[in-house]
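# Residue-level structure breakdown
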Amino acid sequence: MIDVLVIGGGPAGMATAIHAALSGFDVVVAEPRPAPVDKACGEGLMPDAVRALRTLGVEVPGRALRGIRYVDAVGQRRAEAVFRAGHGLGARRTLLHEALTARAAQLGVPVVPRRIGRVSQYDDHVRADGMDARYVVAADGLHSPTRRALGLSVRPAAGRQPPRYGLRRHYAVEPWTDLVEVHWSADSEAYVTPLGPRQVGIAVLASRQLPYDAQLSRFPLLMSRLAAADRTPVRGAGPLRQQARRRVAGRVLFVGDAAGYVDALTGEGITLALTAAAELVRCLGEGRPQAYERAWCRLSRNYRLLTRSLLWARHQPRLAPLIIPAAARFPGLFQHAVNLLA
């Protein structure tokens, strides 16, 4: 019998598999798509994510990031915060996935090309489409089929904030900064991530579902920089906010976006996935899978609190225009908030 079956071979699933293999577990990953898998992603890794990758023995090529800069749509107001402990990394999602997949292969982790549709639990094991494992880790993404099948997805309450969506495209242009720039318009944000020589990623987050070019037109400063640049096709994701009733259901545990997601506003998705994977495997190693729920809540507390607060302010017509002026007027507070997440 397998010790750990990981459903989903993205960054969260591969990080879990690597930690499990390093801890002596017999682990298998079920992923129907060949690596690397490209998805809509801001592609900016915070310093904690860089450190977590080093712990896994994974090196990802990319562009060092010095901090975060908030900019208004026309570039008149801005605020900067520099990472105090280490640097972030701008890295293509495909390169991150390739590096994690290669490390898992180096450790002898098999990846079976299967889509898991049915999960049944018993006293001492889980059966997933005919595969038996002591534990199953669901790392099957934002709209996790496993989470839905177990009845753990929470429908958003009526009257809550509108759903948000993300769109991403790459541009062949030399990066003009070593910071992640977050450009703010009246009702959307554009994330500029330096990725390498003549490569910049631009991810747009918004509540209104419009084509990418229509979304980007709200940022005239960016439009002027990118007008003549070659560009890739657009990838999208959403709705971004996904709630889970809990992270542990018997012998099934959830990690990454499948465990619940607030928003990409603060760029912490990969960091939380990597650090939570380590905690999940630690709890399994101690024979206390139920302890992972509390560990996940502790790890994600700052991310959830700050992201929800900023998202709430973003949807207040009187407060939203004050976000960048406030960050510029109180640089110490902005610096503290960024490094609390970093």
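Refer to the preceding data block for the structure.
Rules and cut-offs
Residues numbered from 1 in each chain as written. Predicted model: local features only at pLDDT ≥ 70, side-chain atom pairs only at ≥ 80, totals over all residues. Heavy atoms only, no water. Helix = DSSP H or I, 4+ residues; strand = E, 2+ residues; numbered from the N terminus. Rg over C-alpha atoms; globule rule 2.2 N^0.38 Å. Contact = heavy atoms within 4.5 Å. Areas by Shrake-Rupley, 256 points an atom, 1.4 Å probe, with all protein chains shown as cover. Lys, Arg positive; Asp, Glu negative; His and termini not counted. Charge placed at Lys NZ, Arg CZ, Asp CG, Glu CD. 1 Å grid on protein atoms, 1.4 Å probe; cavity = no way out; pocket = protein on both sides within 12 Å on 5 of 7 lines; lining within 4 Å. Points joined across faces, edges and corners; volume = space filled by probe spheres on them. Pairing = 2+ DSSP bridges. Phe/Tyr/Trp six-rings, centres within 6.5 Å; stacked < 30°, edge-to-face > 60°. Buried < 20%, exposed > 50% of the residue type's maximum accessible area, 1.4 Å probe, protein only. Lys NZ or Arg CZ within 6 Å of the ring centre and 35° of its normal. Salt bridge = Lys/Arg side-chain N within 4 Å of Asp/Glu carboxyl O. Expected span 1.5 Å × (residues − 1). Arc of directions from axis to C-beta.

## So, the overall build of the chain
Counting its regular elements, the chain contains ten helices and 20 strands. A globule of 342 residues ought to have a C-alpha radius of gyration of about 20 Å, and the chain, at 20 Å, matches this closely. When its C-alpha atoms are laid out on the principal axes, the chain stretches across 60 × 45 × 35 Å. A separation of at least 24 residues holds for 75% of the contacts in the chain among residues at least 6 apart in sequence. For the chain, the exposed area adds up to about 15,100 Å²; of that, 53% sits on carbon and sulfur atoms. Taking the 46 positively charged and 28 negatively charged side chains of the chain as two groups, their mean positions are separated by 6 Å.

## Observations regarding empty space enclosed by the protein
What the rule picks out here adds up to one cavity of 30 Å³ or more. Approximately 70 Å³ is the volume found for the largest cavity. What lines the largest cavity is simply Gly256, Asp257, Ala259, Gly260, Tyr261, Gly269, Leu272, Ala273, Ala276, Trp296 and Tyr303. For the lining of the largest cavity, the secondary structure elements donating two or more residues are α7 (269-285) and α8 (291-314).

## Some points on the sheet that holds strand β7 (residues 88-90)
The three strands lie next to each other as β3-β7-β4, forming an open sheet whose pairing is antiparallel. Edge positions in the open sheet fall to β3 (44-45) and β4 (63-65), since each of these has one partner strand only.

## Looking at the packing of aromatic side chains
Counted under the stated rule, the structure contains two aromatic pairs. Ring geometry for tyrosine 70 and phenylalanine 334: centres 4.8 Å apart, planes at 55 degrees, overall tilted. Taken together, the positions of tyrosine 70 in strand β5 (residues 67-72) and phenylalanine 334 in helix α10 (residues 331-341) put the pair 264 residues apart, joining distant regions of the chain. Taking the relative accessible area as the measure of exposure, phenylalanine 334 reaches 8% and is therefore buried. Among the aromatic residues, ring-to-ring pairing joins Tyr70, Trp184 and Phe334 into one connected group. Looking at arginine 247, its charged tip hangs above the ring of tryptophan 296, at a distance of 4.0 Å from the centre. In this structure, arginine 251 packs its charged tip against the face of tyrosine 135, placed 5.0 Å from the ring centre.

## Description of unusual backbone geometry
The omega torsion of the bond from alanine 35 to proline 36 falls at 0 degrees, within 30 degrees of zero and hence cis. Examined against the element boundaries, proline 36 turns out to sit in the loop between β2 (27-30) and β3. With an omega of -10 degrees, the peptide bond between glycine 238 and proline 239 qualifies as cis. Here proline 239 is to be found in the loop between β17 (235-237) and β18 (243-244). With a phi angle near 65 degrees, glutamate 43 is a residue other than glycine that sits in the positive phi range. By secondary structure assignment, the location of glutamate 43 is in the loop between β2 and β3.

## Things to note about the pattern of salt bridges
Here the structure, examined in full by the defined rule, presents 23 salt bridges. Aspartate 48 is the salt-bridge partner of arginine 51, the closest N and O atoms lying 2.6 Å from each other. Linking arginine 51 with aspartate 48, this pair stays in helix α2 (residues 47-55), spanning three residues, or about one helical turn. Arginine 66 is paired through a salt bridge with aspartate 178; the nearest N and O atoms lie 3.0 Å apart. Here arginine 66, found in the loop between β4 and β5, pairs with aspartate 178, found in the loop between β13 (165-171) and β14 (179-184); they are 112 residues apart in sequence, far enough to count as distant. Exposure remark for aspartate 178: the relative accessible area of 33% places this residue in the partly exposed category.

## Some words on α8
Here α8 is 24 residues long and its end C-alpha atoms lie 34 Å apart, about the 34 Å a rise of 1.5 Å per residue gives. Residues Tyr292, Ala295, Trp296, Ser300, Tyr303, Arg304, Thr307, Leu310, Leu311, Ala313 and Arg314 constitute the buried set of α8.

## Things to note about α10
What α10 keeps buried is the set Phe334, Gln335, Val338, Asn339 and Leu341. Projected onto a plane normal to the axis of α10, the buried residues spread over an arc of 155 degrees and lie on a single side. At its buried positions, α10 is contacted by β5, β6 (78-82), α8 and α9 (323-329).

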